[in-house]
Each structure stands twice: as C-alpha cells, then as structure tokens.
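# Coordinate inspection notes
Each chain, letter by letter, is given below.
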Amino acid sequence: MTASSQSYTMAGGNGQHSYIHNSSYQKAAIDGAEEKTTQCILEKLNLQLNSDLGTFRIADFGCSNGPNTFHAVQTIIDTVKCKQLKENNNEVSLMPLEFQVFFNDQTNNDFNTLFKTQPIECGYFSVGVPGSFHGRVFPRNIIHIGHTSYTTHWLSKVPENVCDKKSLAWNNNYIHCNHSLEEVTKAYKVQFVKDMRVFLEARAEEIVHGGLMIVLGQCLADGVTMSETWQGIVLDMIGDCLMDMAKSGVTSEEKIELLNLPVYFPQFSELKREIEQNKSFMIETMEAISHPLEDTEILTSNFIISMFRAILSTIIKEHFGEGVVTDLFDRFAKKLAKFPIDFIECEKHVNYFVLLKRK
Ligand SMILES: C[S@@+](CC[C@H](N)C(=O)[O-])C[C@H]1O[C@@H](n2cnc3c(N)ncnc32)[C@H](O)[C@@H]1O
C-alpha cells in the first residue's frame, strides 16, 4: 500500500555517529513544544475517551531510530490518560484506555535499534510501520492522534531537472536549494507542494474524525533565504568541502553535480498556504515557537558537525561510497575552524507547531 520514494534515513546503530546519539537538537525542539502539545490535546481532542473507543492509536510519522519519538509519544499518552481521568471526574474504578503506538519510517530505517532501545516499561503496544509517508501507510480511519517532527522538509525525490546540466533548473555545484538560482527554487517548490499535499491527503484518510495531527518542524521566516540561515551556510560549506575533495581527486565534479539533497524548507506563509489548501483538516493552531537551543552556547561547531553527520552520512555513503564520510566531515571541521559561523548572529530557521483537527 505504500508509495515509493527516495529514502535517506538518519545514521543507524548505537555508535558515536548515530542519530540516537546526535539528535539532541531535534529533541530540544520536541521538549520545547511539550507544554503546547499537552494543552492542545486537553483542549482540542474531541473523542469520547471511554471503553467504546477501544484501543487508543497513535502514529509517529518519520520516527527515525529513536529516542526522540519515545518522548513525543509518551507526552501524548500521559496527556490522553490525564484527559480521560478529568472527563470522568477522577473516577478510579474507570477502565483505563489501552494504547497502541505505530512507529513509521522508511523501509531502510534502523527499526532494530529503535525497538532495542525502547524503554522497557513503556505502557503501550508497539508496531513498526515501514513505508513512505508520501502515501498511505494505514487503513482508513484508524489513528486517533498523528504526530510528526522534523520530517516534512524531506521530499519524496530530488526535483528531476536540478541535476540536468542542460536544464535551466540545473543546480550547478550546489548540493541543496539555497535560493541562489531562481529556477532551482521553483523546481524544489513544485516538488514540496506536491509532497505536502500528498502527505496531508494520506493523513486525512488515516485519522479518525475529531482526531488530531501534530506537526513540528522548521521553515524559513518570510523573506529569508536558505543561504542566510546557519543551516544553509553549513550545507553550502559541506558542498565546498566536496568540491575540495574533487580537486584532490577523492571524487569528481561530475559526481557532485549529480548530488542534490531532497530537502526543501518553505517560508512560513508558503507552508501555511499548503496546509490551508487541505479542506479535511481544521487548523487549530499554527505558530512559531522558540527553540530552546537557539541563542545558547550549546550550538558549537562540534555539535553542528556531529548533528549534520548523523543526518547526511547515509546519503553521502550512497552517492560517493563508504570511505568518503569521515574525510568529508574532517574537512568540514577544518573549514569551520578556519571560517567559524556565528550561530547566534545568523538568521535562524523558524520552529513551528501546527495542530490540525480532522473534520
Ligand atoms: C530528522 S529525522 C526526524 C526524526 C524524528 N521525528 C525526530 O524528531 O527526531 C527525519 C526522519 O524522517 C524520515 N523520513 C523522511 N522521509 C520520509 C518518508 N517519505 N516516509 C517516512 N519517513 C520519512 C527519515 O527517514 C528520518 O528518520
């Protein structure tokens, strides 16, 4: 039932460079949204929380290999339990709800590490759901609360023309959409619009009427381009390191020209427009929230190098071969030492919190 999609998962395993040990930036954002998540579920979830409901089903779309997903689903479960008690005047003899949690990600996600590192007494029944969220991954009308964090900027594929030297949308030696070339931005935007529509249409089928979909992520502020943000500068620098590697014969320019990341960060109003065009959900909340680590000294060069290595190593390995990853990130470390980025002074991505209710 799932759609096919180019799939570049986060670094698996439990080692030094794994996502599980290098995802505290994303974790901090989830923690920062915890209060809002709790408040929204208490106020906006319109389901009768009693035995007629049967099992309460939660899905995390793009869960990766942990551990952030466990924190996100635990907050949802604790809040639903608390709501059930409140609605039933703290009746202790009440039959407590049972919870089932569906962990979705691409088929090549490291689900083994996910389930091996899951807290032992989690208090819910777990299911792994492999497949692309750019399509249906569940039967109709079964999910009560859907959640996704830091995922919807991942496209189902790289826009075709950006790797085509003969096309106006050719992205030259850049490895991502940094907004330097208008035709490239257009091509990425078209793909993002298609993917966001498909994502929301699929969730609308899967989520029950009155159920909720929580979307956390990052976008650009209106009027800000990717190359002005520290994330954009980092990706451009990684692209420059690859070019240095081509000059020293480790890889070739032709190979770099064929690498483009399937990632697009829309501006806030662009994202809002795409969410609004879906008529199956009501937008209950869509707002910018602060990221607890921005403007702090935790964002050091070493932190950024490890974070981007955990995000990009799969795609780099697949494109250039296994041996290139360490060389690339060593070069990136040296470049950052020579040309430090002022993470505090740079433009920042906007962290957003969206709560949708299925009509
Ligand atoms: C940056 S990680 C975020 C992981 C986790 N949600 C968190 O907040 O830490 C993005 C995740 O989205 C997943 N992903 C990207 N595209 C996907 C797709 N089409 N279907 C399912 N998962 C996808 C990736 O495999 C990766 O695990």
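Presented here is an overview of the structure given in this document. What you see is a predicted model, and the numbers here were worked out from it, not measured in a lab.

## A look at the overall build of the chain
Along the backbone of the chain there are 10 helices and 7 strands. Rg of the C-alpha trace for the chain: 21 Å, near the compact-globule value of 21 Å for 359 residues, within the 12% margin. By principal-axis analysis of the C-alpha atoms, the chain measures approximately 70 × 40 × 40 Å. By the burial criterion, 56% of the 359 residues in the chain qualify as buried. Restricting the contact set of the chain to residue pairs at least 6 apart, pairs at least 24 apart contribute 83%. Put simply, the chain shows about 15700 Å² of open surface, and 50% of that area lies on carbon and sulfur atoms. Distance from the positive charge centre (33 side chains) to the negative charge centre (44 side chains) of the chain: 4 Å.

## Thoughts on the packing of helix H9 (residues 301-320) against helix H10 (residues 324-338)
When two helices pack together, their arrangement is given by the angle between the helix axes and by the axis-to-axis distance. At a minimum axis distance of 9 Å, the contact between H9 and H10 shows a crossing angle of 145°. For the crossing formed where H9 meets H10, the hand is right-handed. Along the contact surface, H9 presents Ser301, Ile305, Phe308, Arg309, Leu312, Ser313, Ile316, Lys317 and Phe320, while H10 presents Val324, Val325, Thr326, Leu328, Phe329, Phe332, Ala333 and Leu336. Taken together, the residues of the contact of H9 with H10 sort by class into 12 nonpolar, 3 polar and 2 charged.

## Structural notes on the nonpolar core
By size, the foremost hydrophobic cluster in this structure holds 49 residues, and its most contacted members are Trp230, Phe308 and Leu312. Secondary structure elements with two or more residues in this core: helix H1 (24-32), helix H6 (230-247), H9 and H10. Sort the elements by how many residues they give to this core and H9 lands first, with 11 residues. Residues in contact with Leu312, not counting those within four places in the same chain, are Leu235, Ile238, Leu261 and Phe329. Ranked by size, the runner-up nonpolar core spans 36 residues in total, among them Leu155, Val184, Ile207 and Leu271.

## Examining the environment of Leu336
Along the chain, Leu336 falls in helix H10. Among all residues touching Leu336, those that are not within four sequence positions of it are Met237, Ser301, Ile305 and Ile341.

## Concerning the site of the ligand
Around the ligand, the surrounding shell holds 21 residues, and the nearest of these are Tyr19, Gly62, Asn68, Asp105 and Ser149. Between a nitrogen atom of the ligand and a main-chain N or O atom of Gly62, the distance comes to 2.8 Å. The contact in question runs from an oxygen atom of the ligand to an N or O atom on the side chain of Asn68, over 2.8 Å. In the complex, 98% of the free accessible area of the ligand, which totals 590 Å², lies under the protein chains.

## Quick word on the side chain of Ser18
Mapped onto the fold, Ser18 is located in the segment before H1. Once residues lying within four places of it in the same chain are set aside, the contact partners of Ser18 are Ala11, Gly12, Gly13 and Ala310.

## Remarks on the packing of aromatic side chains
With the rule as written, the count across this model stands at 15 aromatic pairs. Taking the centre distance of 5.1 Å and the plane angle of 75° together, the rings of Phe102 and Phe138 count as edge-to-face. Taken together, the positions of Phe102 in strand E2 (residues 99-105) and Phe138 in the loop between strand E3 (125-130) and strand E4 (143-149) put the pair 36 residues apart, joining distant regions of the chain. We note that Phe102, like Phe138, is buried.

## As for the pattern of salt bridges
Under the definition given, this model contains 18 salt bridges. Glu287 serves as the salt-bridge partner of Lys36, at 3.5 Å between the closest nitrogen and oxygen. On the criterion of sequence distance, the pair formed by Lys36 in helix H2 (residues 34-44) and Glu287 in strand E6 (residues 281-289) is long-range, its members being 251 residues apart. The residue Lys348 makes a salt bridge to Asp295 at a minimum N-O spacing of 3.5 Å. Of the two residues, Lys348 is situated in the loop between H10 and strand E7 (350-358) and Asp295 in the loop between E6 and H9; the sequence distance between them amounts to 53 residues. Here the salt bridges share partners, and the residues they tie into one network are Arg136, Arg140, Arg203, Glu205 and Glu206.

Reading guide: rules and limits
Residues numbered from 1 in each chain as written. Predicted model: local features only at pLDDT ≥ 70, side-chain atom pairs only at ≥ 80, totals over all residues. Heavy atoms only, no water. Helix = DSSP H or I, 4+ residues; strand = E, 2+ residues; numbered from the N terminus. Rg over C-alpha atoms; globule rule 2.2 N^0.38 Å. Buried < 20%, exposed > 50% of the residue type's maximum accessible area, 1.4 Å probe, protein only. Contact = heavy atoms within 4.5 Å. Areas by Shrake-Rupley, 256 points an atom, 1.4 Å probe, with all protein chains shown as cover. Lys, Arg positive; Asp, Glu negative; His and termini not counted. Charge placed at Lys NZ, Arg CZ, Asp CG, Glu CD. Axes fitted to C-alpha atoms, helices over the stretch in contact; angles between N-to-C directions. Left-handed = near helix turned anticlockwise from the far one by under 90°. Nonpolar A, V, L, I, M, F, W, Y, C, P; charged D, E, K, R; others polar. Core = buried A, V, L, I, M, F, W, Y, C linked by side-chain atoms within 4.5 Å. Near = heavy atom within 4 Å. Polar contact = N/O pair within 3.5 Å; in protein donor to acceptor, adjacent residues only side chain to side chain. Phe/Tyr/Trp six-rings, centres within 6.5 Å; stacked < 30°, edge-to-face > 60°. Salt bridge = Lys/Arg side-chain N within 4 Å of Asp/Glu carboxyl O.

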